[in-house]
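Fold and contact review
Residue strings, one per chain:
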Amino acid sequence: MNEKAAVAALAALAQDARLRVFRALVGAGPEGMTPSALSAMLDIPASTLSFHLKELVHADLVSAERDGRNLHYRPALKRMNDLLAYLTAHCCQGRACAPAGAKRRTTC
């Protein structure tokens, strides 16, 4: 991932509703969710949700796939992991950051 792509992804996530939507989709995993399920789960009106999903798709953090009459949104887990890797690539100048014995999951 390059700097421009990282900035675009972070900008898309720098809004509370979009961050909630993205986290819900990550929680759903590769199966993703429909807009109606997301709207009900997050209590976000459909028109507002549509705007936020469009922004996440534009940042390549979410993909949309038509399934008959419905759209199905899925998190771009590879892109998310690439962003995390970009952000932590030079962490602590190569030394261990976490206390000994602490385990943190940084990829999906």
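Residues numbered from 1 in each chain as written. Predicted model: local features only at pLDDT ≥ 70, side-chain atom pairs only at ≥ 80, totals over all residues. Heavy atoms only, no water.

- The protein chain carries the name Helix-turn-helix transcriptional regulator in an unreviewed UniProt entry, which gives Piscinibacter aquaticus as its organism.

**Some remarks on the overall build of the protein chain**
- Helix and strand counts for the protein chain come out as five helices and two strands.
- Ordered by position from the N terminus, the helices and strands of the protein chain form the series α-α-α-α-β-β-α.
- Pairs at least 24 residues apart make up 57% of the contacts formed inside the protein chain by residues separated by at least 6 positions.
- Surface summary for the protein chain: the accessible area is close to 7,300 Å², and the carbon and sulfur share equals 54%. (Helix = DSSP H or I, 4+ residues; strand = E, 2+ residues; numbered from the N terminus. Contact = heavy atoms within 4.5 Å. Areas by Shrake-Rupley, 256 points an atom, 1.4 Å probe, with all protein chains shown as cover.)

**Brief notes about the pairing of strand E2 (residues 70-75)**
- Sheet topology note: the strand E1 (residues 62-67)/E2 ladder contains six bridges and is antiparallel. Within E2, the position partnered with Ser63 by the bridge is Arg74. (Pairing = 2+ DSSP bridges.)

**Some details on the side chain of Arg18**
- Note that Arg18 resides in helix H2 (residues 16-28).
- No salt bridge is formed by the buried Arg18. Its closest oppositely charged neighbour is Glu55, at 5.1 Å.
- Among the polar contacts made by the side chain of Arg18, one reaches the side chain of His52 at a distance of 3.2 Å.
- Residues within four places of Arg18 in sequence aside, it is in contact with Ala11, Ala12, Phe51, His52, Glu55 and Leu56. (Buried < 20%, exposed > 50% of the residue type's maximum accessible area, 1.4 Å probe, protein only. Lys, Arg positive; Asp, Glu negative; His and termini not counted. Salt bridge = Lys/Arg side-chain N within 4 Å of Asp/Glu carboxyl O. Polar contact = N/O pair within 3.5 Å; in protein donor to acceptor, adjacent residues only side chain to side chain.)

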